[in-house]
Amino acid sequence: MTIRTRVAPSPTGDPHVGTAYMALFSLCFARQAKGQFVLRIEDTDAARSTPESEQSILDSLRWLGLDWDEGPDKPGPYGPYRQSERLNIYKSHVDELLDKGHAFHCFCTQERLSEMRATQMQNKETTRYDGLCISLSKEAVDEKLAAGEEHVVRMKVPNDGTCVVKDGLRGEVPIEFSQVDMQVLLKSDGNPTYHLAVVVVDHLMEITHIIRGEEWINSAPKHMLLYDYFGWDMPELIHMPLLRNPDKSKLSKRKNPTSIRFYQRMGFLPEAVLNYLGMLGWSMPDGEEKFSLPAMIEQFDVSRISLGAPVFDVDKLKWLNGRWLREDLDDDGFADRISEWAYNRENLKKIIPLIKERVDIFSEVSDMIAFFAAGLPDITETDLEIKNQSADETKKILQFALWDLEAVTLWQKEPLQALFEQLAENLDLKIRDVLAPMFIVLSGKPVSPPLFDSMVIIGPDMTRARIKHGIDVLGGVSKKQNKKLEKEYQTLRRSRA
RNA sequence: GUCCCCUUCGUCUAGAGGCCUAGGACACCUGGUUUUCAUCCAGGCAACAGGGGUUCGACUCCCCUAGGGGACGCCA
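Since this is a predicted model, take the numbers as computed values, not measurements.

Re the sheet that holds strand 4 (residues 152-155)
Spatially, 3-4-7 is the arrangement adopted by the 3 strands of the open sheet, whose pairing is antiparallel. Looking at strand neighbours, the two that pair on one side only are strand 3 (103-106) and strand 7 (184-186), the edges of this open sheet. Taking each pair of neighbouring strands and ignoring which way they run, the sheet shows an average axis angle of 45 degrees. Bridge count between strand 3 and strand 4: 4 bridges; the pairing is antiparallel. Among the inter-strand pairings, Phe104 is bridged to a residue of strand 4, identified as Arg154.

Written out as structure tokens, the structure reads:
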């Protein structure tokens, strides 16, 4: 049997380091066993999936040097590798479950479901679908379907008994069936949910080992049940520990830069980032901390994975990157890499139109363009003192802008400009008041080349990171503040719409 | 609230019953090299969550408690 692993990201945002983490371990596992590693795009959520996000996931994984054997851009015998391109196959699978009596139509409204959950929580019960629609007669169901009533298809789950989940790292994890929800398999828009899609396609793609985050362990019984209903062999499961923020919560962009592109933009070497991810939860048998991907593949051993969820420590990543830089790049290599990174002709050509008219002699250039390539500017609270603006107001502007910018998919001058004009209007401010703190957090100075053009060149990840940094310099946003700001932000958005 | 997982220096980790007076690395501190800084080198600080078992012997096995995390969506 050929070992086949996969990584299955959903293209709903920035390429996450967690995705790279799972991809790295999946790849090592497969490559060591001379098997295959597959990249599959899990875009069953039509509303949130974007082609831009998919592209940047592909780009980021490729940048890291994580090459897949089959994927959306690399056709293979098990394609297509994008869930949205195989939506038609799920209907028949759902019908099969329906026929066998393993699934049922559910006509419950969202309101009823959320009320049900609230009551269950109040009664100290497990929140779980109560099975109301199972008892519907065949005639009643047909009638409702004929009338075109909105519905979903849910899987049936035994009422009692225990599901023993076999995990490659933890051994047997018992989960009572009474704790397992009757998962929706087919949404009312006719699309499959992740749970259905992932089971069907992992089977069709002959995936033998599923390496995924620990967050999935509780839904393993659903997946096992589905394999069982279909009469398929269950792949082996390996649940990796979750990467964490310094405060120990699950790694999230609110608290930590989580986009791979941020680390790329910051000037980390892909070898170092990969190496660092490899030493989170795993170690070389000889204890060496610096190792390459081929070395990791050669030495890889699942039993060396430690289960405690590691904190992502940027300081250590920096140290490791320094070692790679010093030990593996000669002067030529250094020159190649740094120009490939930012000081290439193409990049300079984008910058020059912005600075040309502001420059008389070349020696003025480097100061002016430094912030394009820089990381986070060295600014203090004093730098962020804006005329006629309290620190709290400044913080609010930055936070609102950040939230707005997180939603931007088309990172170009015009939409960015429109965004800030709208923000100023909503806040009842002049645009220059909104932009004043932006200049500081982005360039470190109250003046800079044109802001929106600069933002385009700096890129979305670094732009957001610098704004976030500005907010942090102002003391950050407390949980309480955040709640208040969020409320105000939502109100503004609503009135805008 | 219900369920699941986890628990060695602040952080990443080594440790598969005696090799542990618990090792390495980051960070931090001290000193040396360097005209400075960085690098590099030397040294220092610092941990087995707590309580019960099992055993001649427990960081390692079992149980309980505590702490942390995660999952409870027509998101993935």
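A short note on a nonpolar patch on the surface
Taken together, Phe334, Ile338 and Tyr343 make up a surface patch of nonpolar side chains, about 260 Å² in accessible area. Residue classification places Ile338 among the partly exposed residues on the basis of a relative accessible area of 33%.

Re the packing of helix 16 (residues 413-427) against helix 17 (residues 431-443)
Where helix 16 meets helix 17, the axes come as close as 8 Å, and the angle between the chain directions of the two elements is 115 degrees. Taken as a pair, helix 16 and helix 17 cross one another with a handedness that is right-handed. Residue-level inspection shows Phe420, Glu421, Leu423 and Ala424 of helix 16 in contact with helix 17, the latter providing Ile431, Val434, Leu435 and Met438. Its residues assigned to classes, the contact of helix 16 with helix 17 shows 7 nonpolar, no polar and 1 charged.

Description of the confidence of the model for chain A
Overall, the prediction assigns chain A a mean pLDDT of 93, with 99% of residues at 70 or greater. Among the scores for the predicted complex, ipTM is 0.95 and pTM is 0.93.

What to know about the pattern of salt bridges
Under the criterion given, the structure shown has 33 salt bridges. For Arg40, the salt bridge goes to Glu42, with nearest N and O atoms at 3.0 Å. Look at Arg40 and you get buried, because its relative accessible area is 1%. For Glu42, a relative accessible area of 3% translates into the label buried. Residues joined by salt bridges that share partners form a network here, namely Glu288, Lys290, Arg323, Glu327 and Asp328.

Comments concerning the packing of aromatic side chains
What the rule picks out here adds up to 18 aromatic pairs. With 4.3 Å between their ring centres and 15 degrees between their planes, Phe230 and Trp232 make a pair best called stacked. There is no split in this pair, since Phe230 and Trp232 are both buried. By way of ring pairs, the aromatic residues Tyr21, Phe25, Trp282, Phe291 and Phe300 are connected into one cluster. Lying over the aromatic face of Tyr78, Arg4 brings its terminal NZ or CZ to 3.8 Å of the ring centre. Of note, Lys290 hangs over the ring of Trp324, and the distance from its end group to the ring centre comes to 4.7 Å.

A closer look at the nonpolar core
Note on soluble globular proteins: their nonpolar side chains tend to be buried together. One finds Leu24, Phe25, Leu61, Leu66, Leu277 and Phe300 to be the most contacted residues of the largest nonpolar core, which totals 67 residues. In terms of residues, this core owes the most to one element, helix 1 (residues 17-32), which gives 11 residues. Split by domain, the residues of this core number at least three in each of domain 1 (4-81 + 244-326) and domain 3 (342-497). Not counting residues within four places of it along the chain, the set of residues in contact with Leu66 comprises Ala20, Ala23, Leu24, Leu27, Leu61 and Leu274.

Brief notes about the protein's contact with RNA strand B
Close to RNA strand B lie 50 residues, the nearest being Arg117, Lys187, Glu214, Gly281 and Glu289. Backbone atoms, meaning sugar and phosphate, make up 77% of the atoms of RNA strand B lying within 4 Å of the protein. Take Thr126: an N or O atom from its side chain is 2.6 Å from a sugar or linking oxygen of RNA strand B. One of the side-chain N or O atoms of Gln179 is found 3.1 Å from a sugar or linking oxygen in RNA strand B. Breaking the surface near RNA strand B down by element, the ones donating at least two residues are helix 4 (110-122), strand 4, strand 6 (171-176), helix 6 (194-204) and helix 11 (314-328). Here the surface near RNA strand B gets 4 residues from one element, more than from any other, and that element is helix 11.

Section: the side chain of Lys395
Mapped onto the secondary structure, Lys395 falls in helix 15 (residues 391-406). Within the buried core, Lys395 has no salt-bridge partner, and the shortest N-O distance to an opposite charge, that of Asp392, equals 4.3 Å. There is a polar contact of 2.8 Å between the side chain of Lys395 and the backbone oxygen of Gly476. Those residues in contact with Lys395 that sit more than four places away from it in its chain are Ile471, Leu474, Gly475, Gly476, Val477 and Gln481.

Thoughts on the domain arrangement of chain A
Each assigned domain of chain A is listed here: domain 1 (4-81 + 244-326), domain 2 (85-234) and domain 3 (342-497). Here domain 1 and domain 3 have C-alpha centroids that lie 29 Å from each other. Taken together, the 9 residues of domain 1 in the interface contact 18 residues of domain 3. Roughly 1000 Å² of surface becomes buried between domain 1 and domain 3 when both sides are summed, with 47% attributable to carbon and sulfur atoms. It is Arg254, Phe262 and Arg265 in domain 1 that bury the most area against domain 3; as a group they hold 57% of the surface buried on that side. The interface formed by domain 1 and domain 3 contains 3 salt bridges. With its nearest N and O atoms 3.0 Å apart, the salt bridge here joins Arg261 to Asp461. The tally of links between domain 1 and domain 3 comes to 6 residue pairs in polar contact (both at pLDDT 80 or more). In terms of residues, the side of domain 1 that touches domain 3 owes the most to one element, helix 8 (residues 260-265), which gives 3 residues. Residues belonging to the side of domain 1 that touches domain 3 are distributed by class as follows: 2 nonpolar, 1 polar and 6 charged.

Reading the values: rules and limits
- Residues numbered from 1 in each chain as written.
- Chains lettered and ligands numbered in written order.
- Predicted model: local features only at pLDDT ≥ 70, side-chain atom pairs only at ≥ 80, totals over all residues.
- Heavy atoms only, no water.
- Pairing = 2+ DSSP bridges.
- Helix = DSSP H or I, 4+ residues; strand = E, 2+ residues; numbered from the N terminus.
- Axes fitted to C-alpha atoms, helices over the stretch in contact; angles between N-to-C directions.
- Patch = residues over 30% accessible without salt bridge, like charges linked within 9 Å, V, L, I, M, F, W, Y side chains within 5 Å.
- Areas by Shrake-Rupley, 256 points an atom, 1.4 Å probe, with all protein chains shown as cover.
- Salt bridge = Lys/Arg side-chain N within 4 Å of Asp/Glu carboxyl O.
- Buried < 20%, exposed > 50% of the residue type's maximum accessible area, 1.4 Å probe, protein only.
- Left-handed = near helix turned anticlockwise from the far one by under 90°.
- Contact = heavy atoms within 4.5 Å.
- Nonpolar A, V, L, I, M, F, W, Y, C, P; charged D, E, K, R; others polar.
- pLDDT = per-residue confidence, 0-100.
- Phe/Tyr/Trp six-rings, centres within 6.5 Å; stacked < 30°, edge-to-face > 60°.
- Lys NZ or Arg CZ within 6 Å of the ring centre and 35° of its normal.
- Core = buried A, V, L, I, M, F, W, Y, C linked by side-chain atoms within 4.5 Å.
- Domains from an automatic or database assignment.
- Near = heavy atom within 4 Å.
- Polar contact = N/O pair within 3.5 Å; in protein donor to acceptor, adjacent residues only side chain to side chain.
- Lys, Arg positive; Asp, Glu negative; His and termini not counted.
- Buried area = accessible area lost by both parts, 1.4 Å probe.

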